[in-house]
Amino acid sequence: MKNTFAQDVLKGLTAENKYLESKYFYDNNGSRIFQEIMNMPDYYPTNAEFEILSMQSKQIIEALEFSRPFNIIELGAGDGFKTFKLLEYLVSNNVDFHYIPIDISQEAIDILTKRLKEKLPSLKIHPQVGDYFEILKNNRESDYPSLLLFLGGNIGNYLEDKARELLQLFNRSMKVGDKLLIGIDLKKNPLVIHKAYSDDHGITKRFNLNLLIRINRELEADFKIDDFDFYSYYNPSTGNVKSYLVSLRRQTVTLKKLNTSINFEHNELIWTELSKKYAVDEIFTFAKETGFVVNSNFMDCKHYFTDSLWEK
Ligand code: AVI
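Predicted model, so just to flag it, every value in this text is computed and none were measured.

A.B. asks: Teacher, can you tell me more about the site of the ligand here?
C.D. replies: Around the ligand, the surrounding shell holds 13 residues, and the nearest of these are Y43, N157, Y197, E273 and S275. Between the ligand and Y197 there is a distance of 2.5 Å, counted from an oxygen atom to a side-chain nitrogen or oxygen. S275 places a side-chain nitrogen or oxygen 2.6 Å from an oxygen atom of the ligand. Across the complex, the protein chains shield 96% of the 340 Å² of accessible surface that the ligand would expose by itself. Classifying every residue of the shell around the ligand gives six nonpolar, six polar and one charged.

A.B. asks: Sorry, what's going on with the sheet that holds strand β3 (residues 128–129) here?
C.D. replies: What holds strands together in a sheet is hydrogen bonding between their backbones, with the strands either parallel or antiparallel. Taken in spatial order, the seven strands make up an open sheet running β3-β2-β1-β4-β5-β12-β11, and their pairing is mixed. Unpaired on one side and paired on the other, β3 and β11 (293–299) mark the two borders of the sheet. Sheet topology places strand β4 (residues 146–150) next to strand β5 (residues 179–185); four bridges connect them, and they run parallel. Each bridged residue has a counterpart across the sheet, and for F150 the counterpart in β5 is I182. Relative to the sheet, helix α3 (residues 44–55) contacts β5, β11 and β12 (305–311), its axis offset from that of β12 by approximately 55 degrees. Packed onto the sheet, helix α5 (residues 83–92) meets β1 (70–75), β2 (97–103) and β4 and runs at close to 165 degrees relative to β2.

A.B. asks: Looking at this model, I keep getting lost on the packing of aromatic side chains. Mind explaining?
C.D. replies: Two aromatic rings are characterised by how far apart their centres lie and by the angle between their planes. Under the criterion given, the structure shown has 22 aromatic pairs. Each ring, one from F70 and one from F97, has its centre 6.0 Å from the other, and the planes form 25 degrees; the classification is stacked. Taken together, the residues span a long stretch of sequence, with F70 in strand β1 and F97 in strand β2 at a distance of 27 residues. Judged by relative accessible area, F97 falls into the buried class, the value being 3%. Here the aromatic rings of F292 and W310 are separated by 5.4 Å at their centres, their planes lie at 50 degrees, and the arrangement is tilted.

A.B. asks: Teacher, can you tell me more about the sheet that holds strand β6 (residues 228–235) here?
C.D. replies: Strand order in the open sheet made by the three strands is β6-β7-β10, with antiparallel pairing throughout. Only two strands of the sheet have a single neighbouring strand rather than two, namely β6 and β10 (269–276). Strand-to-strand, the axes of this sheet are offset by a mean angle of 20 degrees, without reference to chain direction. Bridge count between β6 and strand β7 (residues 240–247): eight bridges; the pairing is antiparallel. Directly across from Y231, in β7, lies its bridge partner Y244.

A.B. asks: Teacher, can you tell me more about the nonpolar core here?
C.D. replies: As a rule of thumb, soluble globular proteins bury nonpolar side chains together. Within the largest apolar cluster, 37 residues are counted, with the highest numbers of intra-cluster contacts made by I215, F223 and L255. Contributing elements (two or more residues each) for this core: α1 (4–13), α2 (28–38), α9 (190–197), α10 (203–218), β6, β7, β8 (251–255) and β9 (260–264). When residues of this core are assigned to their parent elements, the largest contribution, six residues, is made by α10. Beyond its immediate sequence surroundings of up to four residues, L255 is in contact with V9, L13, I215, L219, E220, A221, T260 and I262. With 30 residues, the next largest nonpolar core counts I52, I60, L181 and F298 among its residues.

A.B. asks: Got a minute to help me understand the side chain of E74 in this structure?
C.D. replies: Assignment of secondary structure puts E74 in strand β1. Side chain to side chain, E74 and T83 meet in a polar contact 2.9 Å long. What E74 contacts, discounting residues up to four positions off in sequence, is T83, Y99, I100, P101, I102, L149 and L151.

A.B. asks: Would you mind showing me how to read the pairing of β2 here?
C.D. replies: For a regular strand, the rule is simple: side chains alternate between the two faces of the sheet. The element β2 is largely enclosed, with a buried count of seven among its seven residues. Alternating residues of β2 divide into F97, Y99, P101 and D103 and H98, I100 and I102, and every residue in both groups is buried. Where β2 and β3 come together, two bridges link them in parallel fashion. Note that in β3 the partner of I102 across the bridge is Q128. Of the crossover connections in this fold, the one passing from β2 over helix α6 (residues 106–119) to the parallel β3 is right-handed.

A.B. asks: Which parts of the structure should I look at to understand the environment of N216?
C.D. replies: With respect to the helices and strands, N216 occurs in helix α10. When the C-alpha atoms of N216 and T254 are compared, they prove to be 9.3 Å apart, with 38 residues separating the residues in sequence.

A.B. asks: Even after reading the chapter, I still don't get the environment of I73, so can you show me in this structure?
C.D. replies: Position of I73 relative to the elements: it lies in strand β1. A relative accessible area of 6% means that I73 is categorised as buried. On a C-alpha basis, the gap between I73 and N295 in space is 18 Å, while along the polypeptide they are 222 residues apart. Ignoring anything within four residues of it in the chain, the contact list for I73 reads I100, I102, L136, N139, S146, L147, L148 and L149.

So, how was this worked out
Residues numbered from 1 in each chain as written. Predicted model: local features only at pLDDT ≥ 70, side-chain atom pairs only at ≥ 80, totals over all residues. Heavy atoms only, no water. Near = heavy atom within 4 Å. Polar contact = N/O pair within 3.5 Å; in protein donor to acceptor, adjacent residues only side chain to side chain. Areas by Shrake-Rupley, 256 points an atom, 1.4 Å probe, with all protein chains shown as cover. Nonpolar A, V, L, I, M, F, W, Y, C, P; charged D, E, K, R; others polar. Pairing = 2+ DSSP bridges. Helix = DSSP H or I, 4+ residues; strand = E, 2+ residues; numbered from the N terminus. Contact = heavy atoms within 4.5 Å. Axes fitted to C-alpha atoms, helices over the stretch in contact; angles between N-to-C directions. Phe/Tyr/Trp six-rings, centres within 6.5 Å; stacked < 30°, edge-to-face > 60°. Buried < 20%, exposed > 50% of the residue type's maximum accessible area, 1.4 Å probe, protein only. Core = buried A, V, L, I, M, F, W, Y, C linked by side-chain atoms within 4.5 Å. Right-handed = clockwise from strand over helix to strand, strands pointing away.

Function-wise, these values are silent; they only describe arrangement.
Take a look at the structure:
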């Protein structure tokens, strides 16, 4: 199998403006650091979405207007911590549904399945490991209506064009009447956003530097981690949080597996992540452009985050 990680790292580090793709943050260690981020009080998206699903599960389910058994297909289920509230509501109200969590990590799916079987023994769960689209292909043949979940604000990590493509792909794998519940982080006081991504504890910095550690390990590179710093800023006009690694000196890094060396200037940047924030009217436009109609926006009490319900 071709090593896309190696290819993507090479492409990013040899580009005129160096970059690394944020999807590569999530090796086992990176996923653990991301859990730490989600536990930080300043990282508001997790608490906001947890509040929405804890307080408004009833309203969300009513808005689906599914009269028969249905499927809940979760894309990138991870540890399923947030979804638990929704599932708990459904199980305790004896609603007839099947839960199909999908994740690329076998480890994440195993942990999730074990926890759910313990906590909600009557839940009908059909975990799947692999690529969303391969698995979603079956959705169009299903006799049951489906609710797709794409939670956590992951859509914000895609460039707008890529996000549109992804949503169009979701749309194509859905039947008329299927719904999508998508977590979207909203524009808000810039200081709140700034604090969430430039934390004082250095956890987000560690999250970013872990990518260099991963490259050292998997591509036999010699990044000196102390020679890089982390910088992130929010632009309220565009809604973009952009994160970077900063080379603290002029240096050359060798990537043995790629047979190549990369030069860094003093203060040269590697762009590592986009976390885009949307305004509510942009969400309506986005849905329309990708073949959906917005049914409702379920927001937390501070209006920091929305779980937006779209229908095909
Ligand atoms: C996974 N994703 C939605 C997170 C975000 O907020 O963009 C990743 C993250 N990066 C830094 N902090 C959290």
